[in-house]
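So the chains spell out like this:
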Amino acid sequence: MKRFATLLIVLVSLNAKAQEKFTINGYVKDAANGEALIGATVLVREINGGNITNVYGYYSITVPPGDYTVEYRYIGFLSQTMQISLSDNQRIDIELAEESTQLQEVVVTAEPEDENVSSVEMSVANLDIKTISKIPSFLGEVDIVKSIQLLPGVSTVGEGASGFNVRGGSVGQNLVLLDEAPVYNSSHMLGFFSVFNPDAVKDVKLYKGGIPARFGGRLSSVLDIRMKEGNNKKMEINGGVGTIFSRLAIEGPIKKEKASFIIAGRRSYLDVLARPFTDIFDNGAALYFYDLTTKANYNISDKDRVFLSGYFGRDVFNFDDRQGINWGSKTATFRWNHLFSERLFSNLTFYLSDYDYELAFGENDRDKFEWTSNITTYDIKPEFTYFMNTKNELTFGAEALLYRFSPADALGASDGEIVEFSIPHKRAAEYGIYVGNEQTVSDKLTLQYGTRLSGFKHLGPGSYYTLNDTIPGFRRSPTDVRQADDWETIKSYMNLEPRFSAKYQLSKTSSVKASFNRTAQYIHLVSNTTASNPLDIWTPSTNNIKPQTGLQWAAGYFRNFKDNTYEFSLETYYRRTRNQIDYIDGAELFINELIEGDVLAGAGRAYGLEFYAKKNEGRVNGWVSYTLGRSELKIDGINFLNDLENRSGNWYPARYDQLHNFKATGFYEVSNRVSISANFTYLTGTPTTFPTHRYQIEYLTIPENSANTRNNLRIPDYHRLDLSITILGRAIAKNGWVRKNRDSLVITFYNVYNRKNPFSIYFWQGEDRFAIDEVAETKATQVSILGAFVPSVTYNFKF
Amino acid sequence: MKNFFKILLLSSIIACEQDITTGLPESAPLVAFDAWIYHAASPQTIDIYTTNTYFDSSEPARIGGAVVVVTNVNDEAETYTFAEAATGEYVWNPTTPTDTFATIGEEYILNIQISGTTYESLTNLSAVPSIDSIYWRFDEEDAFIEDSYFANFWARDLEGPGDTYWIKSWKNGELLNLPGEINVAYDAAFSEDGDADGLFFIQPIRELINPFDFDDEDKLISPFDLGDSIYVELNSISQEAFFFLQQVQVQTARDGGFGELFAVPLANIQSNIFSDDPQEKVVGFFNISATSSLGKLFTEDDIRIID
C-alpha cells in the first residue's frame with residue numbers, strides 16, 4: 001500500500017510539474033503621474049486572451065511556460081508591447097504614456113474600443129473624467145452625477161431634486177461608493193451639484209443591472225467612483241474659479257513614486273458675491289457649501305499598498321446666526337492591498353461614515369427649536385480575487401457593517417421652558433458574504449456568475465413595537481411595546497442574492513448579453529415629498545419594516561461599426577421589487593417615534609427599453625440615448641379606487657416614472673484650442689396627485705380626490721438645451737516659452753431657451769383673504785426651480 | 001416669525017411660479033356634510049350638499065329631504081332635531097332664549113338619513129376657558145419688518161391633558177381666513193409632545209392671531225396700528241377635530257416657491273362621519289364647540305413688554 005501511495009504522489013507531482021503554469025502580473029500605471037489605470041487591457045496575443053486591470057490597476061495572467069507577446073493598451077495612451085520568455089512567475093509593472101494628440105480628438109471612453117462588445121459586463125456605463133469635463137453643466141461646474149444622467153436608463157425628476165433614478169428605481173436605491181465608502185446623499189444644494197469633486201475623481205462606473213456579487217445593500221444600481229491616488233512623480237495643482245464656486249486641488253508625491261497624496265477642496269460663495277447687493281446676509285445669513293476630498297497612499301512594498309481617504313462636506317442654509325438648516329457627511333476609509341501570491345489579490349477596507357443634518361429655528365434661547373439627525377456607519381470589507389487561470393477569475397469576500405441611527409435628537413424651548421423630545425437611537429448590523437467567478441467558456445461565450453448571502457439584524461437597546469392590524473391606509477398603533485437589551489437581536493433577516501451575466505459573441509463586432517440579479521436592501525430612504533431632499537430620513541428594517549428585495553432581468557444586443565468608431569446598443573430590462581415603501585395619507589414622518597405605523601409596503605415593477613448610439617472618434621462626436629420605460633407601485637392602502645372596505649391597491653406610476661427619457665450630447669472640435677459641446681434633454685413629465693373635488697366646512701375649502709387615486713395626472717414635460725464653449729489656453733506663450741500653466745476658459749449657457757420646466761404643481765386658494773360672505777377661489781400653480789437661462793464663466797488652471 | 005420672511009426671500013431667488021389652467025380627471029362627486037356647530041343659545045345649521053369639482057367655487061348642489069338629529073349618547077331624551085329651512089340647510093332653533101345647544105361634558109351622536117342611507121358620527125363637547133386679556137407687543141423696525149405691534153391673547157388651558165382648541169381672530173371685523181392662519185392648540189402647545197397642560201397658551205399660538213402681510217419690498221407690515229380692533233374666539237374642539245384641522249392646514253397651506261421642494265403630496269382627509277353603506281365615502285366633519293371670546297380696541301394703554 002505504502003509503495004503504491006508514494007508512486008501516486010510522485011506521479012501526481014510529476015504531472016503537475018509538467019502542467020505547471022506561470023503568472024505574469026503587475027500594475028499598469030500612467031507614466032505622467034503614477035495613477036493606476038483602471039480597465040486597461042493586457043492582451044497575450046498567443047492565447048488571444050488576457051486580463052483587464054482591476055480598480056487598483058492590477059492584472060494577473062497565468063499561462064504555461066513559453067514565449068509570449070504581451071500588449072498593454074488603454075485608450076488615449078500609447079500601447080506598449082513586451083516580448084517575454086516565461087519560465088517562472090514574472091512581475092511586470094508598466095507605465096503607459098498618454099498619446100500626444102495633434103488634432104485634439106476627444107476621448108470619449110476609457111475602455112478598450114470594443115469593450116462594449118467583448119466584455120461580459122452589461123448594463124454598465126463607464127465614464128472617463130475627461131469626457132465628463134467636456135459636458136456643459138450647471139454654472140460651468142463639471143459634475144459626475146449630471147453626466148451619468150445623460151446615459152440611458154438614468155434620470156432625475158428635475159432641478160431641485162437630490163440624487164438620481166436608475167431604471168425606474170428610487171433615489172435611495174442607488175449604492176453610491178466613493179473609494180468603497182457609501183455616500184448617503186450624493187448632492188449639494190438640493191441636486192444642483194454633486195458632492196464629488198471632479199479634480200479628485202479618476203473613474204466612474206455605473207452598474208444599472210448585471211450587478212456583480214461583490215456589491216450589495218441597495219436595490220437598483222451601483223455608482224462606483226474611484227478617486228485619484230495623487231501624482232506620485234511631481235506636484236500638480238489644479239483649480240478653477242467659477243461663478244458660484246471655486247476649486248483647488250493639490251497633489252503630489254510624499255516619497256517619489258512610492259507615496260503620494262491629493263487634497264481637493266471646493267467652496268461656493270454665492271453669499272459672498274451677493275453681499276454687496278443685498279442686506280439679507282447681514283445678520284449671519286449664509287448660503288454655501290464646501291467639500292474637501294483627501295487621499296494619501298503608500299506603496300509599502302511590491303506586495304503591499306495602503307490608502308487613506310477622507311471626505312468632508314457640508315451644505316449650509318442659514319437664515320441668521322441662530323437659525324437655519326445644514327447637512328453634510330464625513331467619511332474616512334483605510335484600505336490595504338495585499339498580494340498573497342501572484343494570483344491572489346486582496347483588498348481590505350475599513351471605513352467610518354457619518355451623515356447628519358440639523359435644523360434650528362428660534363430667535364432666542366427662550367423660544368427655539370433644534371433638531372439633529374444622524375447615521376453613523378462602521379464597516380470592514382475583505383475582498384479577494386483569485387486569478388485562477390486565463391479562463392477563470394474567482395472573486396470572494398465578505399462585508400460587515402454596524403449602523404447607528406439617530407433619527408431625531410430634538411429640543412424645543414417655549415417661553416423659557418425646555419422640552420427634549422428625541423427618538424431613541426437604533427442600532428443595526430448588516431453583513432454579506434459572496435463568491436463569484438468570471439469564466440471564459442469558449443472564445444464566444446463568457447459567463448459571470450456568483451451569489452451573495454446577505455443578512456441584517458436590528459439590534460437593541462431600544463423599544464420595539466407590535467402594531468395592530470388595520471385597514472391599509474390608516475395609521476397603525478402599537479398594541480405592545482418591549483424593551484430590547486444592549487445588542488439584543490430584535491429582528492433578523494437574511495437573503496440569498498444570486499447574480500448571473502452571460503455574453504455570447506456573435507461576431508467580432510457584435511454580441512448579445514443577458515443578466516439576472518437578485519438584490520436586497522436593508523436600510524430605506526424615507527421620503528414623502530415630490531423629490532428627494534436633505535430632510536429625508538434613512539431608517540433601518542425593523543420587526544415592522546421588511547427589507548426591500550428585487551429581481552432584475554436584462555438582455556441586450558451590442559454592436560460596433562466602422563472599426564469601433566460607432567457604438568450601438570439596445571437593452572431591455574424588467575425589475576420586480578418587494579417591500580417598497582410608501583406612506584398613509586397624512587403620514588407624520590418628521591420626529592415620529594412610531595413612524596412604522598405610518599408606513600405602507602407593497603410591490604414595484606419597472607421595465608423598459610434602452611437605446612444607445614455613440615460616435616467615439618472624430619472632430620464631431622457624442623452620443624444619443626433614449627429610454628422608454630415605466631415604473632409603477634402597487635401598495636394596499638394607496639390608489640385603492642372603489643375598494644373602500646379592504647383598500648387593496650392598484651398599480652400606480654411612481655413619482656419618478658417618466659415614459660420618455662431622451663438625451664443627446666455632442667462635442668465639436670472647432671480648432672486645436674476651441675471646442676463646443678451641447679446637450680439636450682427631454683423627459684416626460686412626472687406624475688402628481690391632483691384633487692378632483694372640493695368641499696366647505698365653515699369658511700375652510702378642502703380638496704378631495706374622490707376616486708382615491710394616487711399620481712393621477714402628469715405635470716408638463718421637461719426639456720432643456722445647454723451649450724458650452726471651452727477655450728484652452730495657449731501651450732506656448734507669445735515669447736516662445738512653453739507655458740507651465742495649462743489653463744482653459746469654459747463658458748456655459750444653461751437652459752438656452754429659458755424654459756420654465758415645472759418641478760411640481762400645487763393646488764391652493766391663493767394668497768389673499770376673502771370676504772366673510774364669499775368662499776375661496778381655488779387654483780393650480782406650477783413651480784419651477786431655476787427655470788431660467790443661466791450663463792456662466794469658469795477659469796480653470798493646472799500647474 | 002422672522003425666519004419665515006427669510007425663507008421667502010431665499011425662495012424668490014431660485015423658484016418661480018405661474019398660475020396655470022389644467023384639466024382634472026373625471027370622477028364621481030361625494031356627499032359632504034358641514035356639521036360644525038356651537039354650544040350657544042342661537043340657531044345651529046348643518047349643511048348637506050354634493051361636492052363641486054375642484055376649481056368650481058360656485059354654490060354646490062344641495063341635498064334636501066334629509067332627516068337630521070343629534071342625540072346625547074348617555075341620555076336619549078336629550079335630542080336636537082334639525083329641520084330643513086332651505087334645500088340642504090338644516091337648522092335647529094332654540095325654543096327659549098336660554099336654550100343652548102348641547103351640554104358641556106357630554107357625548108353626542110349625529111344621525112342623518114337620506115333616501116334610505118344612514119350616516120352617523122360621534123363627538124364630544126368640552127369646556128373652554130375664558131380669554132383673560134389681550135395686549136400688544138412692540139417690535140422695532142429692521143431689514144425685515146417695520147415698527148410693528150403684535151397682538152397676544154392670554155388664556156390658560158384647562159387642567160387635564162388632552163384639551164384641544166381652535167382659535168379664530170378678526171381684525172377690524174375681517175376674519176383671518178388664510179390656511180396658514182388656522183390656529184389649533186393641544187393643551188397650551190402645538191401637540192401632545194408639547195407637555196403644556198394647564199399653562200397659558202405658548203407664544204407662537206398667542207401671536208398666530210396676527211395677520212402677517214408684506215409690502216412690495218417683502219417687508220412685514222405692522223399687524224396692528226393704534227385704532228385697529230381685534231376680536232378673538234377660543235373654541236373647544238374634539239381631539240379628532242384637532243387632527244382634522246391640522247390636516248386641513250397641511251393640505252391647504254401651500255407656501256409655494258422654494259417650499260414646494262419640501263411639500264407633501266395631496267392626501268384626502270378622513271371624515272368622522274360614516275355611511276352605513278361600506279362602499280360609500282363621505283366628506284365633512286361633525287364637531288360641537290364651546291366658545292369664549294374677547295374683543296379689544298387697540299390703544300396705547302394696551303402695549304406691554306412681553307418676553
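Cut-offs applied
- Residues numbered from 1 in each chain as written.
- Chains lettered and ligands numbered in written order.
- Predicted model: local features only at pLDDT ≥ 70, side-chain atom pairs only at ≥ 80, totals over all residues.
- Heavy atoms only, no water.
- Helix = DSSP H or I, 4+ residues; strand = E, 2+ residues; numbered from the N terminus.
- Rg over C-alpha atoms; globule rule 2.2 N^0.38 Å.
- Buried < 20%, exposed > 50% of the residue type's maximum accessible area, 1.4 Å probe, protein only.
- Contact = heavy atoms within 4.5 Å.
- Lys, Arg positive; Asp, Glu negative; His and termini not counted.
- Charge placed at Lys NZ, Arg CZ, Asp CG, Glu CD.
- Expected span 1.5 Å × (residues − 1).
- Salt bridge = Lys/Arg side-chain N within 4 Å of Asp/Glu carboxyl O.
- Phe/Tyr/Trp six-rings, centres within 6.5 Å; stacked < 30°, edge-to-face > 60°.
- Lys NZ or Arg CZ within 6 Å of the ring centre and 35° of its normal.
- Core = buried A, V, L, I, M, F, W, Y, C linked by side-chain atoms within 4.5 Å.
- Patch = residues over 30% accessible without salt bridge, like charges linked within 9 Å, V, L, I, M, F, W, Y side chains within 5 Å.
- Areas by Shrake-Rupley, 256 points an atom, 1.4 Å probe, with all protein chains shown as cover.
- Pairing = 2+ DSSP bridges.
- Buried area = accessible area lost by both parts, 1.4 Å probe.
- Polar contact = N/O pair within 3.5 Å; in protein donor to acceptor, adjacent residues only side chain to side chain.
- Nonpolar A, V, L, I, M, F, W, Y, C, P; charged D, E, K, R; others polar.

Caption draft 1: Highlighting the overall build of chain B. From N to C terminus, chain B includes three helices and 18 strands. A compact globule built from 307 residues would reach a C-alpha radius of gyration of about 19 Å, and chain B, at 21 Å, matches this within 12%. Overall size of chain B, expressed as C-alpha extent along the three principal axes, is 65 × 50 × 35 Å. Counting all 307 residues of chain B, 51% fall into the buried class. Sequence separation of at least 24 residues holds for 66% of the intrachain contacts in chain B that already meet a minimum separation of 6. Here chain B holds 13 positive side-chain charges and 52 negative ones, and the gap between their average locations is 9 Å.

Caption draft 2: Region of the structure containing unusual backbone geometry. Residues and elements named next belong to chain A. Put simply, G460 and P461 share a cis peptide bond, and its omega is 15°. Along the polypeptide, P461 turns up in the loop between β29 (445-459) and β30 (462-467). For R167, which is not glycine, the phi torsion reads 45° and is therefore positive. As for its position among the elements, R167 is in the loop between β11 (165-166) and β12 (174-178). Given a relative accessible area of 1%, R167 falls into the buried group. One non-glycine residue, N639, lies in positive phi territory at about 55°. With respect to the secondary-structure elements, N639 resides in the loop between β39 (620-634) and β40 (652-653).

Caption draft 3: Expanded view of helix α3 (residues 239-252) of chain B. Here α3(B) spans 20 Å end to end across 14 residues, near enough to the 20 Å set by a 1.5 Å rise per residue. When α3(B) is considered as a whole, its buried residues turn out to be B:A241, B:F242, B:F244, B:L245, B:V248, B:Q251 and B:T252.

Caption draft 4: Quick look at the pattern of salt bridges. Residue and element names in this part refer to chain A. Summed over the entire model, instances satisfying the criterion amount to 45 salt bridges over all chains. A salt bridge links K208 to E610; the shortest N-O distance between them is 2.9 Å. Pair noted here: K208 is in the loop between β16 (201-207) and β17 (221-227) and E610 is in strand β38 (residues 599-615), with a separation of 402 residues, a long-range link. Under the relative-accessibility criterion, K208 is labelled buried at 5%.

Caption draft 5: Layout of the packing of aromatic side chains. One pass over the structure, following the stated rule, counts 58 aromatic pairs over all chains. Site record: aromatic cluster; members linked through ring pairs are A:Y27, A:Y56, A:Y58, A:F307, A:F345 and A:F387. The ring centre of B:W166 lies 4.5 Å from the NZ or CZ of B:K168, which sits over that ring. The cationic tip of B:K171 hangs over the ring face of B:F224; the distance from NZ or CZ to the ring centre is 5.6 Å.

Caption draft 6: Focus on the nonpolar core. In terms of nonpolar packing, the biggest core is built from 68 residues, with A:F138, A:F193, A:W371, A:I375, A:Y403 and A:I523 touching the most fellow members. Among the elements that take part in this core, strand β26 (residues 392-414) of chain A stands out by supplying five residues, more than any other. Ignoring any residue separated from it by four or fewer positions in sequence, one finds A:F138 in contact with A:F192, A:F193, A:Y750, A:L786 and A:V790. B:V70, B:Y80, B:F82 and B:Y108 belong to the second-largest nonpolar core, a separate cluster that totals 50 residues.

Caption draft 7: Main features of a nonpolar patch on the surface. Residues and elements named next belong to chain A. Nonpolar side chains collect at one region of the surface, where Y504, L506, Y557, L570, L609 and L628 lie side by side and expose about 470 Å² of accessible area between them. Here Y504 is to be found in strand β32 (residues 489-507). On the accessibility criterion, Y504 (37% relative accessible area) is partly exposed.

Caption draft 8: Highlighting the sheet that holds β17(A). Residues and elements named next belong to chain A. One open sheet holds the five strands; their spatial order is β9-β16-β17-β12-β13, and the pairing between them is mixed. Of all the strands in the sheet, the pair left with one neighbour each is β9 (124-128) and β13 (181-182). Bridging between β12 and β13 involves two bridges; their strand directions are antiparallel. Its bridge partner lying in β13, L178 is registered against A181.

Caption draft 9: Main features of the interface of chain A and chain B. If you look at the interface, chain A gives 81 residues, while chain B gives 85 residues. Between chain A and chain B, roughly 7500 Å² of surface is buried when both sides are summed, and carbon and sulfur atoms account for 60% of that area. Among the residues of chain A in contact with chain B, A:E698, A:Y699 and A:R769 are the three that bury the most area, contributing 10% of the side total. Linking chain A with chain B are five salt bridges. There are 26 residue pairs in polar contact (both at pLDDT 80 or more) connecting chain A and chain B. When contributions to the side of chain A that touches chain B are tallied by element, the ones reaching two or more residues are β24 (344-364), β27 (417-423), β44 (693-697), β45 (700-704), β49 (760-764) and β50 (779-785) of chain A. Among the elements that make up the side of chain A that touches chain B, the one with the highest residue count is β50(A) (seven residues). Class assignment for the residues of the side of chain A that touches chain B results in 35 nonpolar, 27 polar and 19 charged. With six bridges connecting them, β50(A) and strand β1 (residues 15-20) of chain B associate as antiparallel partners. When the bridges of β1(B) are listed, A:S784 appears paired with B:C16.

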